[in-house]
Protein chains: 2
Amino acid sequence: MKNHRYCVIMAGGIGTRFWPMSRQSCPKQFLDILDTGRSFIRHTFDRFAKIIPIENFIVVTNKRYKSLVLEHIPELKEEQVLCEPIGRNTAPCIAYAAYTLKRRDPKAEMIVTPSDHLILNEEEFIRVVESSLEFVEYRNALMTIGIQPTRPETGYGYIQKSNAEEICKVKCFTEKPNREMAEVFLESGEFLWNSGIFIWKVGDIISAIEKHLPEHASLFSSIEGDLGTENEAKSIERVFSACRTISIDYGVMERADNVYVHNGNFGWSDVGTWGSVYQHGKKDRYANALSSDRINVYDTRNSLITVPKEKIAVVSGLKDYIVVDTADVLLICPMSDEQSIKSFIEDVKFSSGDKHI
Amino acid sequence: MKNHRYCVIMAGGIGTRFWPMSRQSCPKQFLDILDTGRSFIRHTFDRFAKIIPIENFIVVTNKRYKSLVLEHIPELKEEQVLCEPIGRNTAPCIAYAAYTLKRRDPKAEMIVTPSDHLILNEEEFIRVVESSLEFVEYRNALMTIGIQPTRPETGYGYIQKSNAEEICKVKCFTEKPNREMAEVFLESGEFLWNSGIFIWKVGDIISAIEKHLPEHASLFSSIEGDLGTENEAKSIERVFSACRTISIDYGVMERADNVYVHNGNFGWSDVGTWGSVYQHGKKDRYANALSSDRINVYDTRNSLITVPKEKIAVVSGLKDYIVVDTADVLLICPMSDEQSIKSFIEDVKFSSGDKHI
């Protein structure tokens, strides 16, 4: 019997927040920042490989990361890696995967997932995903997985539920709130974190794109015949140049009226900041997260220190700091500065004249 | 006319205080910590080469640094580099050079100098050295160069003058004082810093060694005939194993009654600590001494930051810190911790099991 379930892994991000460990040449999804023995993308693949056959995976990435993807997931065939010529946010990425899948299997059910998140309870996660797959199978429903919040986080978008059921209609999506608002959200019990994981049938998402992003739909449908042929790369190049940058949340999910959310509770983090790496990392007795036992600390507390494996480090007198040392960049900054890392990179690009830091 | 003036450069030190930049494999004298374009030993050679013929230089070093010496001063012939099998402090080092010179030129006048000091006013320095050479030429005098102190430094030994003449007899040598004592020394105007630079005739220092360090004298005189022959290395090996570790200050200068000091004032520092490197380095407008313009600092003051030439660094929120990054070691510590560096190294040796850090 044909398996109609597919997993689309979005892996095109450049991820500057983990600079200098993540770089344009090797972004976060290919790193093992938490020192688990596997990269984020490999974890993502392994997690879904429990329920999705290998041939039903698709990875969408920037063309420059194609070989990295195949290196981290050698099980994939080359044609399972779709290459974006330029990043246009998630809507074009998902459209590319959806139109590709539609040709191959019009009955496809798609899971769409970021490639760089942390999930602690995989068993519960799989249960939620399978229950969502069952839910959308016979309904025209766009499912998003929401996460039961545990703190007034200001770094995530939120989804307001319409009732207390495990799966329910979405009332509305909200942007990242300020601290005060985040506390209200948490107390109300009506809001979930937006995980960026989606589940739907390929026909349903294409209908939604046609309705809410007609320009994108017409661009992709105009080249449908080229997908899977030798013309694909050229046509995709043209479509991506022409199409607007827009997220699937803003372009489709916030506008559609058939959007559901599955209330998940399986230990999730987008590991989006050094602070969250610190939070999830192993700590010594002074609450330091150290990347190796070649790091000697004195009078140092609550700090994240990461150096190359063979390197020796001696660190004295730091409290609440981030120290990340790589072969060609050293970063030392207070944990509270981590939002400034983007501007640090801009300064470095400017002063070094190198755009590919 | 034969030139009887010789320069003996002592270059055997291992220098752990500049760890991790100085290492057993490349100690301070071979580094250009102040980023001047030349190593300390090269500066030392160039300084004296203005008044001493190249063939009248002798460098005494540990045998493992012989090739480094010849690399930094390619003008030298191999036989001008005397190799110590093990470090025994300055008295055996100077005895080795003195007995070697005596064979070659019994009328030799010797300048003995460390290889890793900073001298800012070279012209005045040379004037002082030449005037000392003239002073000792027709006197049995052991001359040491003292430095007019400019602050109550606790890191140096002091020399008490017997009067206010530029050259005068030494009243006494003192060990490194505590802060209170150093302030008294400074106010009295009677004390000079001990620079470790000496000037004397070879016959006079050998007489002094015979008198005050008879054991050492008898060891070295017993192998005089082997110096300059194929037996030299083997005999020196035996002598160094047998002879006591002792400094020339403690062993000879403090005991002899023909010791003079030349009051020098030419901008001198032994650059013995990261603090003194900081002091002598170029600063940015926030008083940071940065090793390259690839270091971007934010909210950082009074700090010394040194990274490999091609490396980018971003440093935020440090005040009065030392950051030294090398290929295989990273050190971050408060400037006030610099006396702890020796113990940091011991810990690293212990935890890494590597004795040659």
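These figures come from a predicted structure and were not determined experimentally. For every chain, the first residue of the written sequence is number 1, and numbering continues from 1 along that sequence. Written order decides the labels, with chains lettered from A and ligands numbered from 1. For this predicted model, a pLDDT threshold of at least 70 governs which residues receive local features, and a threshold of 80 or more governs which side-chain atom pairs are given and counted, while totals over whole chains, interfaces and linings are taken from all residues. The basis for every side-chain value is the complete set of heavy atoms in the structure, and neither hydrogens nor water enter the calculation.

> Got a minute to help me understand the interface of chain B and chain A in this structure?
Frequently, the measure chosen for interface size is the accessible area removed from exposure when the parts meet. In this analysis, two residues are considered to be in contact whenever any of their non-hydrogen atoms come within 4.5 Å of each other. Residue-level contacts link 33 residues of chain B with 33 residues of chain A. Of the roughly 2,400 Å² buried between chain B and chain A on both sides combined, carbon and sulfur atoms contribute 59%. Here, a salt bridge means any Lys or Arg side-chain nitrogen found within 4 Å of an Asp or Glu carboxyl oxygen. At the surface where chain B touches chain A, the tally comes to two salt bridges. The partner of Asp325(B) in a salt bridge is Lys311(A), and the shortest N-O contact between them spans 2.5 Å. Whenever two N or O atoms come within 3.5 Å, that pair is a polar contact, provided that in protein one can donate a hydrogen and the other can accept it, and provided that, for residues adjacent in sequence, both atoms are side-chain atoms. The tally of links from chain B across to chain A stands at 20 residue pairs in polar contact (both at pLDDT 80 or more). Elements supplying a minimum of two residues to the side of chain B that touches chain A: strand 13 (295-298), strand 15 (312-316), strand 16 (321-325), strand 17 (329-334) and helix 11 (341-352) of chain B. The classification used treats Ala, Val, Leu, Ile, Met, Phe, Trp, Tyr, Cys and Pro as nonpolar, Asp, Glu, Lys and Arg as charged, and all other residues, Gly among them, as polar. Class assignment of the residues belonging to the side of chain B that touches chain A gives a composition of 20 nonpolar, seven polar and six charged. A pair of strands is labelled paired if DSSP reports no fewer than 2 bridges between them. Put simply, DSSP H or I for four residues or longer makes a helix, DSSP E for two residues or longer makes a strand, and each gets a number counted from the N terminus. Examined bridge by bridge, strand 17 (residues 329-334) of chain A and strand 15 of chain B share four bridges and lie parallel to one another. A quick way to say it: buried area is the sum, across both parts, of accessible area lost when two parts are put together, with a 1.4 Å probe.

> Help me understand the pattern of salt bridges in this model?
For side chains bearing opposite charge, pairing can occur when the charged atoms are close. A full pass over the atoms with the stated rule returns 40 salt bridges over all chains. Here Glu122(A) and Arg47(A) are joined by a salt bridge, their closest N and O atoms 3.2 Å apart. Of this pair, Glu122(A) sits in helix 4 (residues 122-137) while Arg47(A) sits in helix 1 (residues 40-49); the two residues are 75 residues apart in sequence, bridging distant segments of the chain. A relative accessible area of 3% places Arg47(A) in the buried class. Note that Glu124(B) and Arg127(B) form a salt bridge whose closest N and O atoms lie 2.9 Å from each other. Of this pair, Glu124(B) and Arg127(B) both sit in helix 4 (residues 122-137), three residues apart, which is roughly one turn of that helix. Each residue gets one of three labels from its accessible area relative to the maximum for its type: buried under 20%, exposed over 50%, partly exposed in between, using a 1.4 Å probe on protein chains only. Overall, the relative accessible area of 21% leaves Glu124(B) in the partly exposed class. Salt bridges linked by common partners bring Arg38(A), Arg42(A), Asp46(A) and Glu75(A) together as one network.

> Would you take a moment to explain the environment of His4(B) for this structure?
Residues and elements named next belong to chain B. Looking at the element boundaries, His-4 is found in the segment before strand 1 (5-10). The partly exposed category is assigned to His-4, whose relative accessible area is 26%. Counting along the chain gives 194 residues from His-4 to Phe-198, while the straight-line C-alpha distance between them is 16 Å. Not counting residues up to four positions away in its chain, the partners in contact with His-4 are Asp-105, Lys-107, Ala-108 and Glu-109. Side-chain polar atoms of His-4 contact the side chain of Asp-105, separated by 2.8 Å.

> Can you help me understand unusual backbone geometry in this one?
Phi is mostly negative for residues that are not glycine, and the peptide bonds are mostly trans. Each neighbour pair has its own omega, and for Trp19(A) with Pro20(A) the value is 5°, a cis peptide bond. Considering the arrangement of structural elements, one finds Pro20(A) in the loop between strand 1 (5-10) and helix 1. Although it is not a glycine, Asn89(A) sits at a positive phi angle of roughly 70°. In this structure, Asn89(A) sits in the loop between strand 3 (81-84) and helix 3 (90-104). Judged by relative accessible area, which is 40%, Asn89(A) ranks as partly exposed. Even without glycine at this site, Val271(B) takes up a positive phi of about 40°.

> How should the packing of helix 3 (residues 90-104) of chain B against helix 7 (residues 214-222) of chain B be read in this particular structure?
Any two packed helices are characterised by the angle at which their axes cross and by the distance between the axes. Residues and elements named next belong to chain B. Only the stretch in contact is used when fitting a helix axis, every axis being a line fitted to C-alpha atoms; angles between N-to-C directions are given from 0 to 180 degrees. In contact at an axis separation of 10 Å, helix 3 and helix 7 are set at 40° when each is read in the N-to-C sense. As summarised for this structure, helix 3 and helix 7 are arranged oblique, according to the angle between their axes. Relative to helix 7, the crossing made by helix 3 is right-handed. Residue-level contacts link Pro-92, Ala-95, Tyr-96 and Tyr-99 of helix 3 to His-216, Ala-217, Phe-220 and Ser-221 of helix 7. Across the contact of helix 3 with helix 7, the residue classes tally to six nonpolar, two polar and no charged. The labels follow the angle: roughly parallel below 35 degrees, roughly antiparallel above 145, roughly perpendicular from 65 to 115, and oblique for the rest. By definition, any crossing whose near helix is turned counterclockwise from its far helix by less than a right angle is left-handed, and any crossing with a clockwise turn is right-handed.

> Would you take a moment to explain helix 7 (residues 214-222) of chain A for this structure?
Spacing of three or four residues puts side chains on the same side of an α-helix, whose turn is 3.6 residues. Residues and elements named next belong to chain A. Residues His-216, Ala-217, Leu-219 and Phe-220 constitute the buried set of helix 7. Mapping the buried residues of helix 7 onto a view down its axis gives an arc of 165°, with all of them on the same face. If you follow the buried residues of helix 7, they end up packed against helix 3, helix 6 (202-212) and helix 8 (232-242). Working note: the arc is built from the helix axis to C-beta atom directions.

> I would appreciate a short explanation of the pairing of strand 1 of chain B in the present structure.
Working note: regular strand, side chains alternate between the two faces of the sheet. Residues and elements named next belong to chain B. In terms of residue burial, strand 1 counts as a mostly covered element, since six of its six residues are buried. Residues Arg-5, Cys-7 and Ile-9 line one face of strand 1 and the alternating positions Tyr-6, Val-8 and Met-10 line the opposite face, and both faces are buried. Pairing analysis gives six bridges linking strand 1 to strand 4 (residues 109-114), with the strands arranged parallel. Looking at strand 4, one finds that Arg-5 is bridged to Glu-109.

> When you look at the sheet that holds strand 14 (residues 304-306) of chain B in this model, what are you seeing that I'm missing?
Within a sheet, adjacent strands bond to each other through the backbone by hydrogen bonds, running parallel or antiparallel. Taken together, six strands build an open sheet; the order of strands is 13(A)-15(A)-17(B)-16(B)-14(B)-12(B) and the sheet is mixed. Each edge of the open sheet carries a strand with a single partner, namely strand 13 (295-298) of chain A together with strand 12 (289-290) of chain B. Note that strand 16 of chain B and strand 17 of chain B share five bridges and pair antiparallel. When the bridges of strand 17 of chain B are listed, Val323(B) appears paired with Ile332(B).

> Mind showing me how you'd approach the pairing of strand 3 (residues 81-84) of chain B here?
Residues and elements named next belong to chain B. What you see with strand 3 is no split at all: Val-81 and Cys-83 on one side and Leu-82 and Glu-84 on the other are buried throughout. Relative to strand 3, strand 2 (residues 57-62) runs parallel, the two being bridged by four bridges. In the sheet register, Val-60 faces strand 3, and the bridge partner there is Leu-82. Note on handedness: a clockwise path from strand one over the helix to strand two, with the strands aimed away from the viewer, defines a right-handed crossover. Regarding the hand of the β-α-β motif, the stretch spanning strand 2, helix 2 (residues 66-72) and strand 3 is right-handed.

> Is there a simple way to explain the relation of the copies chain B and chain A in this structure?
Superposition of the two copies of the chain requires a rotation about an axis and a shift along the axis. Superposition of the copies used a least-squares fit over C-alpha atoms from residues whose pLDDT is at least 70 in both. Mapping chain B onto chain A is achieved by rotating through 179° and translating by 0.0 Å along the same axis, at an RMSD of 0.1 Å. Seen this way, the second copy is the image of the first under a two-fold rotation axis. Within chain B, Ala327(B) has its C-alpha nearest the rotation axis, a separation of 3.9 Å. When the interface residues of chain B are mapped onto chain A, 100% of them again lie at the interface, so the same face is used by both copies.

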